[in-house]
Each structure stands twice: as C-alpha cells, then as structure tokens.
Amino acid sequence: MEKQNMVYSQPMMPVREAERFVQTDSAPVTCLGMSFPNDEERRKYFLQRLREGLKELREKLSVPFVSMEDTYQRLKSLEHWPLGSDEQILELAQRIAHAASTMRGKNVDILRLYKDEVGFPHGSDEDILALSDPPYYTACPNPFLEDFIRHYGKPYDPATDNYRREPFASDTGAGKTHPIYTAHSYHSKIPHLAIMPCILHYTEPGDIVLDGFSGSGMTGVAAQLCGQPEPEFKANLEAEWEKAGHPPPKWGARRAILIDLSPVANFIAYNLNVDVSAREFKKAVDAFFKKIEAELGWMYETLHTDGRRKGRINYVVWSEVFTCPNCAGDVVFMDQAYNPKTGKFAKEFECPHCRAVLTTQSCEHKFTTYFDKAIGETVRKVTYVPVEIEYTLPGDKTKYRKKPDEHDLALIHRLANEQPKDWFPTAKLPIGKMRDSNHLAERGITHYHQFYLPRALHALSTMWRIAGEWTDARVRGFLKFMVEQCFWGLTLMNRYQSIQFGKIGGSQVNRFQPGVFYIPQASTETSPWYILDGKYKRLQKILTARQLPTSRQVAISTASSLQLPIPDNSIDYIYTDPPFGDAIKYGDLNLLIEAWHNLFSRLENEVLWDELKNKPLSVYADMMRRAFAECYRILKPGRWMTVVFHNSKNLVWTAIQEAIGNAGFVIADVRTLDRGQGSFNQVTAAGAVKQDLIISAYKPTSEFEERFKLEAGTEKGVWDFVRSHLKQLPVFVSKGERAEVIAERQNYLLFDRMVAFHVQRGVTVPLSAAEFYAGLAQRFPERDGMYFLPDQVVEYDRKRMNVREVVQLQIYVTDEASAIQWLKQQLLKKPQTFQEIHPQFMKAIAGWQKHEKPLELRELLEENFLCYDGKGPIPAQIVSWMKQSSNLREIINEEVEKGKAEIAASGALNTTNAELIEKAKNRWYVPDPNKASDLEKIREKALLKEFQRYVEEIASTHRRLKVFRIEAIRAGFRKAWQEKDYNLIVTVAQRIPENVLQEDQQLLMWYDHALTRLGK
Ligand SMILES: C[S@@+](CC[C@H](N)C(=O)[O-])C[C@H]1O[C@@H](n2cnc3c(N)ncnc32)[C@H](O)[C@@H]1O
C-alpha cells in the first residue's frame, strides 16, 4: 500500500519545510499493487469493495440456520469476503453449527452466528463504512487481509529457508513519554519504541509482523517506523547493539497486520499508523474551532466579578450533594469537606444544619428526579451542584475563580431543559454485565448520555457533528480522533484534582481514574477549548515533525483473533500483548467511546476472565489456547513470537504459558525487566515478580516436526528435540564484565521443555529424569551448569574468557523444586557443611507454599547432593573450591610436588593430609552428572512411593489432599502418562486443591491432555 510520487522528508523537520513534501490527495498512489490517480480514488474503490462485501454477507447469510452443510456452502460461496482456506471455512461452519445447537428452538440466522464467531462489531453497515478507510482499516473484519499477504508476503519454502535468531527481549516501558505514546490513551499500552528493537531483531525489512491483540496499534507503528527511525533512537540503538556484540539493526519498514476486537481501539491504531497531512489537518482544525466558537462559545461565557466583562470558562467544579443521615438536610460535599487553602478534602466533615460528624460513607446520596427526554423516561440521578468556576478574560492570562452567580445558574438551568440539537448516544449500558455498572446504576447512570452534565452533552454532540462534516475522509478521521479525547474527559468521571505535584492547582484535563468507571464526589466540567487546545498542539507537532509512519503498509482488522482468515505459514513475526486474565476489562472500558461511534465490540469472543460475563478462568484459558493455535498456524516455521504479559496472578501466568505450549510453540526465554538496574532478569518463578514478563517462543521448523513424528516416543526423538531446542537458545549473555547463566540451558528446564513437547503432541515420554540427565551429560558439553551443542560451546568458551564471572540467577524458594535449584546454586558456589547452609536455608524458605509438604534440609541434601565423609579422595568439586584459598592451594601444591598427594583425571585429590581432609569433611557438594543421575533414580523411586501413598489415601478417604509434595505428584503423573493411565492423572488432579492445579503448568498440562485422551 505504498504511495507513489511522494518525497518524504527526514523526520523532525521544521514545520514549513516538511509541509512542502506533505502528501496531497491529488498525487497518484498505488495500493496493493493497484494504481489510483489519487488517494481519494483509492479510498472510493476499496470502500465500494467493502460495501459490496457487506451486502453480500447480508444477502447470502441472512437466512435461518438449517445445517452445517448449508452454512458451509453459503460461506464458501462468498466472493467478496474471503474467509480463508476450505479447511478454515469448514471449521467456521462447524463452530456456527455448534453455536446454533446451543440455541435450540431459537430461529437464529447464519449472519448473526457468523458475526459472533468472527468478532464482527455490533452496528450498522453504514456506521462501519463511515469509520473505515480500507484497505488500511476496517471497522469490521478486514476482507483485504488475504490480498495484503498475497501482495507483500514472501512465501515460506522449507528447502531454502535459513532463518535463525536467538530469543530477544526489550524494555516494555521504554518510550512512554514519546509524543506518539501520549497522543491517545489506551489501557495498558506498550510504547512503539519498546517494540521496535524486537522487530528489528527478529525480522528483515519488508517482513510481515502480526499483533492479534493490537489495542492502540503500537506494533504497527513500530513495524513501519523501522523504516523511518528518529535519529537519536537510531544512534542509541546501534551503539547499544554494537556494545552487546549484536550485528547492526537492518533499518527498513516492515508491514503490519493488526487485529483487535474493538473498533475504537483500532480507530486509534488507524490514526497512529496512517499518516495525515499536517497542513490539511490544520485547515480542518481552524475551521472546527471557528465553528464551535460560533455554536458553543456562548455556553462557556461567564461574567467577570467587575460585572461588566465576559470571561471564557476553563472549568466548573461540581460537588455532589448528600443527605445528612442525622437531620436529612442537604450537605454540599465541597462546601463542607474541602479546604481551599490547603486544597485538601477532609475525611470527616460537619453537617451544616445539625453539626453531626459525617463521612462520605455515612452520608446518603441525594437524588434528583427528572424527565430524561432522550429516552422518554422519568429517572433519578445523584445530585450535583456547581460550586466554583475557573475562567480567563480576553487578552489576560490570569486564571480567575468565582462562585457561580445567578447568570451562570440560569444558563445551566436553560441547558438542562433544552435537548441538544445534534445526535448523541442514548443506548443502555449493559448493567450487571459490565465493570462498575452497579456503581453507575446506583448513581442513576444507566444510559451513555447520562455520563454527561447537560452543557457537556450539548458541546460534545455539536463537536462530534462538526468533526464528522469535514469532507476529506483521512483528515476527518484525525479530527474525530482529536475530539474523542473529550469522551471520557467531559464526563462526570473527571475528578477535581486540586493538588497536583504537591501544589494547589494544575490542569484538570482528563483526570478520570484510569481503568474504571468511577464517579467522584467532586467533578470538573471542562470547556472544549480547555481540553482541546493542548491536545491539538500536541497532535499537530507529531504531524509537522512527520513522526507518524508514512509507508502505509498496514492492515487493521476489527475481528476476533481466535479465527483468522490468514493463510498457514505466512507471517514472519508475532508481537503481542494479550489481555491478562481479569486485570483490565478492555471491552467494558471501550464501550463509552464505542457508543459515540455507534459501533460496539462483539464481546462474545473477548478473551477475558470475567465472572460477570460467565467467563471463568477455564474459558479464558481455552480462548488463549485458540488464539495461540491460530498464531502457530499462520507463523512461518522456525519463526518467533514475543508475548508480553503484565504479571497479575499466577493462575493467569500458568494459563498463558500452557496455552502457548499447547499451541505447539516452544518457550525459549522468559524475562522481566529490572527497571532499577535497567537490565533483564530471567524468570524462574512467576509469582515472585511483579513487572511485565516477556516470553519468547518459537515455532519448531517443519523439517523437525516431520522428523519428530517418525521418532516420537523414542530416545532418538528426545535428543533430536534437545538438539533443535539448544540451537534456538542464546549461547552467551553478558552484562558488562559478567556472564549470565542461561536458565533454559540447565538440565532441569531442558527436561521440562522436552516433557512438555512430548505431552503437548500426545506422545509418551521415553526417558525418566535420571536417564535424561545422564544422557544429556553424555551427549552435550556442559559449562557452568548449562548444556551446549559442540559448535556453541566453542563460542561460549571464547566469550567466557573475556568476563570476570558468571552470575547466578535469582531463585525464589517456594517449593521442593526451587529449593533444590537454590541449594544447587549455593553448593556450586561453595561446598558447605550442614551447619553452614542451614541458617541461609531457613531464610530462603520464608515463601514456602502452604500446600507444599515441608521438607527437612537434611532430606533435601541426601536426596539430591553428596557429602564427603572424609574417606577416600576429596571430590573434585571440593578441591576446586579449596584451591580458591591461597593457603590451601599452597598446601595442595606442596603435597603434590612432594608426591604425597595426587590429583586424578577427574580432579579428585588423593591425599592423607589431615588438614586438607578436615577442611573438606562433611561438606555437601553437587555431584557430577553421572552420580547425579544415580541419585535422581533413587529420588524418583522415593517420589513414586510417596505418590502411591497419595493414590491410596485418595482411594480410601475420597478426600482432597491438602499438603503434599508436588514433585511426587509430577513424578506420578509422568509415569501415569507413560503408562497411558489417564484416569489416574484425572482422579489425582481432581483431588488436589484447584488453585494448585491451575497454577502448576506441568500438572495442568498432564491433566488437560489426560482429559482430552479420555474424550472429556
Ligand atoms: C493488553 S491489550 C493490548 C494493548 C496494546 N498492546 C496497546 O499497546 O495498546 C489487549 C487487547 O486485546 C483485545 N482483545 C480481547 N479479546 C480479543 C479477541 N478475541 N480478538 C482480538 N482482540 C481481542 C482487547 O480489545 C484489547 O485491546
């Protein structure tokens, strides 16, 4: 969708010069390989195609559902509306048939069922067409996605494909002050500057990047801006990569497909992804302000205290009026609780009538009953009164304040009694099914227009009409994007914030509480100019500095990403930030803005954990699974997906990881950013971290998957997996002078990944942990507790020589498995006696989980480590530690020189020197891999015995297990899976606490797959 005959300047050019190069609609453009005389013609052409597509959907699908076969044929017959391959159409028809079967008796038409499935927004075709700018953005599923891929995609050919990358993570918070980031708010945004390094690392210029939960479209901005980086960002990134030893970034725009369920999230994405002429926008805004001055200016006039001059209102502070529970008198909250000298609100305040001490909790709402003409109903609403006005006089920057006088009150009264002459949304809120809706309903807000005070509603409806009248469609979109900033800011939700940055005063623009529908007791009604002046300047600055992407190689689709009309193996990279459980209700929060566009997200398919909407965690997990399965299908083999996860609850984290693995991906790296240090930490236990997690997962190559099918369940398959997995992992990670242990290269994580890979493909795991560890040590070189491929170890050794030390991962001890890793880390650093390690161990286990059986340190040591009892040679591990002391090193060297001691090939020291033996005696150390495997065998037996005890306990008592060794359950499940005893897995899983099962990725994986095997 490139533009022709346009010369684009370097970004950050001075305004006037940049404007000379600005695109005008009269320049010819090419789009998806087609040429048009100008952009307006391009828009007309694609809008017409979209119109035909919508018409065809209505004509062919607006019939009652009769059968799956009929649905399939109808879907297949669509000519203007591509739905993917035959297989996908069949699957869609099956889903529709299934949905129809759950609505038995109801006469539902196929179109409605189809729309539910694909996330087609609720609204009229005309409203969809009005908002869309195809093929870049459609306010419904984008029918041009197939064309986009056909035109821009590079087909995947396993025979010639030689793509290879290591996992990579970048700071998810970087760039939060960039003007593009602050141009428009959206819940939990990832700045484009944080995404760009990932895209540059994983892709080549021209590649296609997909984000299936794209929200405000930052992934698209990032992808396209790789072709027009700002000079400072470019220089910094190049320097950073050079320092880290990475090859330099390959600059050049990438293409983006952005999918989100919400038409208004996508409208933000559209406005930030598709450039606009700064000059044309200025023209439109000048005209807009002129018109609103004429139509609305009088509503915001107030008389100065001199009784002569007229000022322009900046804002009016409104206060809730309570009823005193003691005397039933009116209590104006601001009058009683607010101290204008300090700017603070008192928690306790007095009733002005009876002097009773009150709090906001103890007071009752005072309701006003009125006839709401917009809906033709008598309603009651919490009472607010204006208490203060801030205004300015023409030609004077002073901010004056006054109490509303009779003119102000008369104006307010008049506006309350007049209906706005322009359209505004009057639809009903989904009370009971929507976040905070009870809080709203209690206050008398049950319809969208009731969020607004009368003057604000007059102003907004007029501004919305005026913005919509601008003839140039692209500029009109951007103008609406600007006016949208008022939809939340002009509601009663705009809190009066008297103190900002520790001082009285400050801007009252957009002071609503983010992420909730909260109506405060003191609210600010701002004027349109007060909100929009600053907003306009900021938007105009972005445009004149040419900061928005100009490549126009983006396709934004308003649809559910659980069902994508995108061909298999066609996407080069996925960067996504999915909804994380129940933390933010995107769908609900988008409703208010959607109401103004008269287009609503179809929330049936919203990926969310929300009991109000009958979506328990299991439904969320299932939807995530479907979404990642689609990602897996469309991603080219061997390519990567980055998933950003805002850590909320362990349960959600487990569900996401499970969904990623279940889809077929292999997780190769999980990191979190340490903002204090500006560095990344690998994550070994999710619950312990509160920041964003960055998960890097890859789709195994098709060549490997094919081979694995033949080898599945054999030892060969296991080692083939390990080889292929090691190939994807970073070889050497350093921070300055220090190298980092790469968690994924440690034996226990390799074992977990291998097991998951088998279970997720429904294959038995042919090796026990002990056999795996022994085999790993035999086949792969080990360094610093990590395993490598032979060519990787050469690189590791070479780089290792240039750093001072290898830093260990931070391990949070919460259970047996993490305790073993923690002990291993301690004993690798220094072999220790029981007395030495015991006090540290007691501190480390402070976070031990309730359900996890407490284990004695001695038991853990005996099951997993070795102790030198003073007999025979001193083990190599202890010797190398002793050699770090100059004193002991001298004694060892002397003994060896005198021929009294001997160092064996293994590094063990054969000596009779009492001092050396005494020093080494009773020290616990980490066994070498062969001995570790022997120990593991014994441990596994013990774990299985313990598991057997649980099985017997369950059989005899039928009660839930309360405290147990999760390691024993994992071992038991592993064996049961091997023996295809799926019933046993399900029975035991159902007898352990639900939260434990849901939070343990391994147990959950076995349980889910066992259920599938049993056909449940
Ligand atoms: C965490 S937000 C993404 C925010 C985004 N990274 C940004 O910078 O603005 C998750 C998004 O997923 C969307 N979503 C939820 N369910 C979806 C589905 N089934 N298909 C597509 N999008 C969905 C929500 O509307 C929301 O915008």
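Below, the structure is looked at part by part. (Residues numbered from 1 in each chain as written. Predicted model: local features only at pLDDT ≥ 70, side-chain atom pairs only at ≥ 80, totals over all residues. Heavy atoms only, no water.)

**Some details on the site of the ligand**
Here comes step 1: Residues in contact with the ligand amount to 22 residues; listed here are only the nearest, Y186, S216, D260, D577 and N605.
Here comes step 2: Taking S561, its main chain carries an N or O atom lying 2.9 Å from a nitrogen atom of the ligand.
Here comes step 3: At a separation of 2.8 Å, a nitrogen atom of the ligand approaches a polar backbone atom of N605.
Here comes step 4: Its atoms largely coinciding with the cavity grid, the ligand occupies the largest cavity.
Here comes step 5: When grouped by side-chain class, the residues that make up the shell around the ligand number ten nonpolar, eight polar and four charged. (Near = heavy atom within 4 Å. Polar contact = N/O pair within 3.5 Å; in protein donor to acceptor, adjacent residues only side chain to side chain. 1 Å grid on protein atoms, 1.4 Å probe; cavity = no way out; pocket = protein on both sides within 12 Å on 5 of 7 lines; lining within 4 Å. Sits in = over half its atoms within 2 Å of the grid points. Nonpolar A, V, L, I, M, F, W, Y, C, P; charged D, E, K, R; others polar.)

**Observations regarding the pairing of strand β22 (residues 571–576)**
Here comes step 1: Across the six residues of β22, six count as buried, placing the element largely inside the fold.
Here comes step 2: Bridge analysis of strand β4 (residues 208–211) against β22 gives two bridges, and the strand direction is parallel. Opposite V209, over in β22, you have Y573 as the bridge partner.
Here comes step 3: Two elements, β22 and strand β23 (residues 635–646), share five bridges in a ladder whose sense is parallel. Within β23, the position partnered with Y575 by the bridge is T642. (Buried < 20%, exposed > 50% of the residue type's maximum accessible area, 1.4 Å probe, protein only. Helix = DSSP H or I, 4+ residues; strand = E, 2+ residues; numbered from the N terminus. Pairing = 2+ DSSP bridges.)

**Here we look at empty space enclosed by the protein**
Here comes step 1: Overall, the coordinates contain six cavities of 30 Å³ or more when judged by the stated rule.
Here comes step 2: The space that makes up the largest cavity amounts to roughly 380 Å³.
Here comes step 3: Lining the largest cavity are 34 residues, and of these Y186, F213, S214, G215 and D260 sit closest to its centre.
Here comes step 4: The set of elements that each furnish at least two residues to the lining of the largest cavity consists of α10 (218–225), β5 (255–260) and α21 (586–597).
Here comes step 5: In terms of residue count, the dominant contributor to the lining of the largest cavity is α21 (three residues).
Here comes step 6: For the lining of the largest cavity, the per-class residue count stands at 14 nonpolar, 15 polar and five charged.
Here comes step 7: Roughly 160 Å³ of volume is contained in the second largest cavity.
Here comes step 8: L83, V118, P141, Q563 and P565 are the residues nearest the centre of the second largest cavity, which is lined by 18 residues in total. (Points joined across faces, edges and corners; volume = space filled by probe spheres on them.)

**Section: the sheet that holds strand β27 (residues 734–735)**
Here comes step 1: Across the sheet, three strands lie side by side as β27-β28-β31; this open sheet has mixed pairing. Each having just a single partner strand, β27 and β31 (805–807) make up the two edges of the open sheet.
Here comes step 2: Inspection of the sheet shows strand β28 (residues 738–740) paired to β31 by three bridges, in the parallel sense. Paired with A739 across the two strands is V806, which belongs to β31.

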